[in-house]
Amino acid sequence: MEKGTLVEFRVQGDRRLGVVERPDGKTRWFVVDERSQSHSLAPRQVTYTVNKETYKPSDIPKFLEQVKPYLDPSSLEVAWELLVEGGETITPEEMANLLFSQSDAPHCYAAHCLLSDDKLYFKQKGEAYEARTVAQVAERKHQMEVEALKAKGQQEFLARVEQALKGEAVEWQRHDRQRLEGIEKYAALLADTVRMGVNYDTLGRAYPPSAPVLETMTLLGRPTTPQGAFQLLVDLGWWSPHENLFLRRSSIPVQFPQKVLEVAQQHLDLPPTDSDANRLDLTHLKVYTIDDETTTEIDDGLSWEVLADGRERVWVHIADPTRWLVPEDELDLEARKRGSTVYLPTGMIPMFPEILATGPMSLVQGRICCALSFGVVLGKTGAVEDYSIHTSLIKPTYRLTYEDVDEMLELGVQAEPEIAAIATWATRRKTWRYAQGAISITMPEAAIKVKGDEINIDILDDSHSRQLVAEMMILAGEVAARYGQTHNIPLPFRGQPQPELPPDQELLQLPAGFVRACAMRRCMPKSEMSITPLRHAGLGLDTYTQATSPIRRYSDLLTHFQLKAHLRGEVLPFSAEQLKEVMMTVTSITQEVTMVERQTNRYYALEYLRRHPEQIWPVTVLMWLREDSNLALILLEDLGLQLPMSFKRSVNLGEQILVKVIHADPQKDLIQFQEIIYQEAQSAAN
């Protein structure tokens, strides 16, 4: 190249003109641009050479002004239409003659600019350009339209994001929702820090985002990590700061399919024919339903009567949801898929649509309800002397809370002798079970409720009324299992192997109360399920099944299907093998439900403690998690919470100390306590 030659080159992708000044070594040249900046260029970096004249850097602005009037991209379409048929190539100089009828330097350079920037009609072939075919142009036009629409969609999405970030109401579009749902799935990976023990800080590297999520997060200038995705959704108001990631990461369905809701409504509007036409009429009995005040699915009631021979009979009436469905129908398969009702601090996710679960399936006060009733005559010791099971009609008389029943028992309400009688039999029944080897382990249990932004934690009181109801439910489970065993009916029997408890001498060395109970609990084997009867060592029963929560537990629903078919004299809906297969599926689902419930409760327990950093809590050291590093499990007695704590000194099991929270991060599942000595506690109290 000669000095004074005007050349085009690129700086970070931008087109730039410069004048050749002098060589730079053997192959490179120094070029000065209009800003008087010097660039060392290799020949391959030069993208166009303006021929015929020599220039000075100060000439470049004037030259560009001469080029500017000819930079009309639409003019290329006319040239393409003339050249496409022959499939010819054309140089910038030839294009200048074709478009402008001139081939001066500014015209040639304008033609070069048009051709090199064109992405539609021409493609470069060496130093010339070739017209694309009609089909290629049509395809590229389509691609450009798609890209333009995408770019427009991105800009509109960005505008809506800005609205949402300002706290304004936004009408999200379908494509927006697809974007955000992808981000939801990515953000839900944060649950794995707890579920799988993945390190919180390396989560983004362990789980790189999908291409659509990466594109959206980059577009919004957000960190492409699960944490960044979570924060974005919170900032947009799409998620709550306490979004339940455990639930989102699970396979538990939250909403019912439209088809299932339609079937539920149809059954409500036009009840299906009752398969049990000859129900036993028990509407003359006084029926008590006893639940928490907030319970909406009422699935059990109790009665008591004196028989003609002077013996007493207790009745356990269980709601009969199978009145409204048959095996394998829409409602049954949806309930099977859910496994059970999910109970979370923020509310419940029902197993059946609410319009049925809290309506005709429940034992509603004052209404005639279908039930499966267990009538049991107990001996003086509490053993079952006689029993019968019936599909029935009942009319619940009173809807009572546990507090109501405790008060009635305490005051000895004369008008309701049935309650006192049932309580007496429940006590005898419990005594009998312990004589059969039942094992009682009593530990405080936290009940966590979230309403709006408020978190409340209460301890579930093991009151007389709760024991009464529990004993009657266990009784119904024993009777159902005995009926199944007698008639060789496959049922979802539940059992528990005999635990190998520590020797009495070893237990007596542990502090009495919670520490000893905790040690015994660790020795209790997991319960088992089988289609044949099993002994349940924990309950002290030779055979047992759950039958008292068919609205809320699918295994109980299976028991009802089998028992009711046998009572009608029909073929059982589930053979032994079929029942075994269904039970395996349902057990897997209910294990996931239990895990989500446990994780969610722990999250809100830590969040509650995070909000009370100055509160001083009395705790008991329950057991060692790692004695060599002073890591123990402690019990916060006021809350019924069991959490880990690392001690800086030697402590003894059963030791009672005072602590406060120094760090809590529910999302990372982290909690740290600090021991408070008595003087500090006194000072804090004052």
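Residues numbered from 1 in each chain as written. Predicted model: local features only at pLDDT ≥ 70, side-chain atom pairs only at ≥ 80, totals over all residues. Heavy atoms only, no water.

Some remarks on the overall build of the protein chain
Phase 1 of the analysis: Looking only at helices and strands, the protein chain has 22 helices and 26 strands in total.
Phase 2 of the analysis: Against the 2.2 N^0.38 benchmark of 26 Å for 686 residues, the protein chain shows a C-alpha radius of gyration of 39 Å, more extended than a compact globule.
Phase 3 of the analysis: When the backbone C-alpha atoms are referred to their principal axes, the protein chain occupies close to 125 × 70 × 45 Å.
Phase 4 of the analysis: Sorting the 686 residues of the protein chain into buried and exposed places 47% on the buried side.
Phase 5 of the analysis: For the protein chain, contacts bridging at least 24 residues in sequence account for 64% of all contacts bridging at least 6.
Phase 6 of the analysis: Counting every atom, the protein chain has about 34900 Å² of accessible surface; 49% of that belongs to carbon and sulfur.
Phase 7 of the analysis: Of the charged side chains in the protein chain, 73 are positive and 97 negative; the average position of the first set lies 4 Å away from that of the second. (Helix = DSSP H or I, 4+ residues; strand = E, 2+ residues; numbered from the N terminus. Rg over C-alpha atoms; globule rule 2.2 N^0.38 Å. Buried < 20%, exposed > 50% of the residue type's maximum accessible area, 1.4 Å probe, protein only. Contact = heavy atoms within 4.5 Å. Areas by Shrake-Rupley, 256 points an atom, 1.4 Å probe, with all protein chains shown as cover. Lys, Arg positive; Asp, Glu negative; His and termini not counted. Charge placed at Lys NZ, Arg CZ, Asp CG, Glu CD.)

Some details on the pairing of strand 7 (residues 122–125)
Side chains on a regular strand alternate between the two faces of the sheet.
Phase 1 of the analysis: Pairing of strand 7 with strand 8 (residues 128–131), which is carried by 4 bridges, proceeds in the antiparallel orientation. Across the sheet, Lys123 pairs through a bridge with Glu130, a residue of strand 8.
Phase 2 of the analysis: Counting the residues between successive antiparallel strands, the hairpin from strand 7 to strand 8 contains 2 residues, one of them, Gly126, with a positive phi of roughly 70°. (Pairing = 2+ DSSP bridges.)

Some thoughts on unusual backbone geometry
Phase 1 of the analysis: Positive phi outside glycine occurs at Asn630, with the angle close to 60°.
Phase 2 of the analysis: Turning to its location among the elements, Asn630 is positioned in the loop between strand 22 (617–626) and strand 23 (631–636).
Phase 3 of the analysis: One non-glycine residue with positive phi stands out, namely Asp669, at about 60°.
Phase 4 of the analysis: Relative to the helices and strands, Asp669 resides in the loop between strand 25 (656–665) and strand 26 (670–676).
Phase 5 of the analysis: Classification of Asp669 as partly exposed rests on a relative accessible area of 24%.

A look at the pattern of salt bridges
Phase 1 of the analysis: In total, this model carries 42 salt bridges according to the counting rule given.
Phase 2 of the analysis: As a salt-bridge pair, Arg568 and Asp276 come within 3.0 Å of each other at their nearest N and O atoms. Remark: Asp276 occurs in the loop between helix 12 (258–269) and strand 9 (280–281) and Arg568 occurs in helix 20 (residues 554–568); sequence separation between them is 292 residues.
Phase 3 of the analysis: The partly exposed category is assigned to Arg568, whose relative accessible area is 30%.
Phase 4 of the analysis: Overall, the relative accessible area of 5% leaves Asp276 in the buried class.
Phase 5 of the analysis: As a salt-bridge pair, Arg649 and Glu675 come within 2.8 Å of each other at their nearest N and O atoms. Of this pair, Arg649 sits in the loop between strand 24 (641–646) and strand 25 while Glu675 is found in strand 26, placing the two residues 26 residues apart along the sequence.
Phase 6 of the analysis: Using a relative accessible area of 24% as the deciding quantity, one classes Glu675 as partly exposed.
Phase 7 of the analysis: Through salt bridges with shared partners, one network takes in Asp274, Asp276, Arg279, Asp320, Arg323, Lys564, Arg568 and Glu570. (Salt bridge = Lys/Arg side-chain N within 4 Å of Asp/Glu carboxyl O.)

A few points about the packing of helix 20 against helix 21 (residues 576–610)
Phase 1 of the analysis: The interhelical angle for the contact between helix 20 and helix 21, taken along N-to-C directions, is 160°, at an axis separation of 10 Å. If you check the angle between helix 20 and helix 21, you find them roughly antiparallel. Here the hand of the crossing between helix 20 and helix 21 comes out right-handed. Of helix 21, the residues touching helix 20 (which contributes Tyr554, Leu558 and Gln562) are Leu579, Val582, Met583 and Val586. (Axes fitted to C-alpha atoms, helices over the stretch in contact; angles between N-to-C directions. Parallel < 35°, antiparallel > 145°, perpendicular 65-115°, else oblique. Left-handed = near helix turned anticlockwise from the far one by under 90°.)

Let's talk about the nonpolar core
Phase 1 of the analysis: Core analysis: the largest hydrophobic core is formed by 61 residues, its most contacted members being Leu609, Trp617, Leu636, Leu641 and Phe673.
Phase 2 of the analysis: Broken down by element, this core gets its largest block of residues, 9 residues, from helix 21.
Phase 3 of the analysis: Formed by 38 residues, the second largest nonpolar core is a distinct cluster that contains Ile290, Leu378, Ala421 and Ala476. (Core = buried A, V, L, I, M, F, W, Y, C linked by side-chain atoms within 4.5 Å.)

Comments concerning the sheet that holds strand 7
Phase 1 of the analysis: As summarised here, the arrangement of the 3 strands in space is 6-8-7, forming an open sheet in which the pairing is antiparallel. Pairing within the sheet leaves two strands with one partner each, and these edge strands are strand 6 (89–90) and strand 7.
Phase 2 of the analysis: Pairing geometry for strand 6 and strand 8, over 2 bridges, is antiparallel. The residue of strand 8 that forms the bridge with Ile90 is Tyr129.

Here we look at the environment of Leu372
Phase 1 of the analysis: Among the structural elements, Leu372 can be located in strand 15 (residues 369–378).
Phase 2 of the analysis: Sequence spacing of Leu372 and Glu312 is 60 residues, and the spatial spacing of their C-alpha atoms is 20 Å.
Phase 3 of the analysis: Look past the residues within four positions of Leu372 in its chain and what remains in contact with it is Val316, His317, Ile318, Asp320, Ile389, His390, Thr391, Ser392, His560, Leu563, Lys564 and Leu567.

Describing the packing of aromatic side chains
Phase 1 of the analysis: One pass over the full model with this rule turns up 12 aromatic pairs.
Phase 2 of the analysis: Pairing Trp172 with Trp238 gives two aromatic rings, centres 6.1 Å apart and planes at 90°, and the pair type is edge-to-face. One end of the pair, Trp172, is in the loop between helix 5 (134–165) and helix 6 (174–187); the other, Trp238, is in the loop between helix 10 (226–235) and helix 11 (245–249), with 66 residues separating them in the sequence.
Phase 3 of the analysis: Given a relative accessible area of 13%, Trp172 falls into the buried group.
Phase 4 of the analysis: Linked through ring pairs, Tyr48, Tyr55, Phe63 and Tyr109 together constitute an aromatic cluster.
Phase 5 of the analysis: Geometry around Phe256 places Arg338 over its ring, the cationic atom sitting 3.7 Å from the centre. (Phe/Tyr/Trp six-rings, centres within 6.5 Å; stacked < 30°, edge-to-face > 60°. Lys NZ or Arg CZ within 6 Å of the ring centre and 35° of its normal.)

Overview of the packing of helix 15 (residues 402–411) against helix 16 (residues 417–435)
Phase 1 of the analysis: Interaxial distance between helix 15 and helix 16 falls to 10 Å at its minimum, and their mutual angle equals 95°. Classed by the angle they form, the pair helix 15 and helix 16 counts as roughly perpendicular. Between helix 15, through Val405, Met408 and Leu409, and helix 16, the contact on the second element is made entirely by Ile419, Ala420 and Ala423.
Phase 2 of the analysis: Looking at the contact of helix 15 with helix 16 residue by residue, the classes come out as 6 nonpolar, no polar and no charged. (Nonpolar A, V, L, I, M, F, W, Y, C, P; charged D, E, K, R; others polar.)

Description of helix 19 (residues 514–523)
Phase 1 of the analysis: Those residues of helix 19 that sit buried are Val515, Ala517, Cys518, Ala519 and Met520.
Phase 2 of the analysis: Considering only its buried residues, helix 19 is in contact with helix 18 (504–508) and strand 22.

Comments concerning the sheet that holds strand 5 (residues 46–50)
Phase 1 of the analysis: The strand order across the open sheet formed by 5 strands is 4-3-2-1-5, and the pairing between neighbours is antiparallel. Looking along the sheet, the strands with just one partner apiece sit at the ends: strand 4 (38–41) and strand 5. Direction aside, neighbouring strands of the sheet carry axes that sit 40° apart on average.
Phase 2 of the analysis: The pairing of strand 1 (residues 6–11) with strand 5 spans 4 bridges and is antiparallel. What sits directly across from Glu8, in strand 5, is Tyr48.

Details of a nonpolar patch on the surface
Phase 1 of the analysis: A cluster of nonpolar side chains, Val78, Leu82 and Leu98, forms an exposed patch at the surface whose accessible area comes to about 280 Å².
Phase 2 of the analysis: If you trace the backbone, Leu82 turns up in helix 2 (residues 75–83).
Phase 3 of the analysis: The class for Leu82 is exposed, based on a relative accessible area of 59%. (Patch = residues over 30% accessible without salt bridge, like charges linked within 9 Å, V, L, I, M, F, W, Y side chains within 5 Å.)

Re the side chain of His317
Phase 1 of the analysis: Mapped onto the elements, His317 comes out in strand 12 (residues 312–319).
Phase 2 of the analysis: Taking the relative accessible area as the measure of exposure, His317 reaches 0% and is therefore buried.

Things to note about a negative patch on the surface
Phase 1 of the analysis: A grouping of Glu293, Glu403, Asp404, Glu407, Glu410, Asp461 and Asp462 is seen on the molecular surface, where their side chains present a negatively charged patch.
Phase 2 of the analysis: One can find Asp404 in helix 15.
Phase 3 of the analysis: Since its relative accessible area comes to 31%, Asp404 is described here as partly exposed.

Looking at the environment of Asp404
Phase 1 of the analysis: In this structure, the C-alpha to C-alpha distance between Asp404 and Glu293, residues 111 residues apart in sequence, is 10.0 Å.
Phase 2 of the analysis: At a separation of 2.9 Å, a polar atom in the side chain of Asp404 contacts the main-chain amide nitrogen of Thr401. (Polar contact = N/O pair within 3.5 Å; in protein donor to acceptor, adjacent residues only side chain to side chain.)

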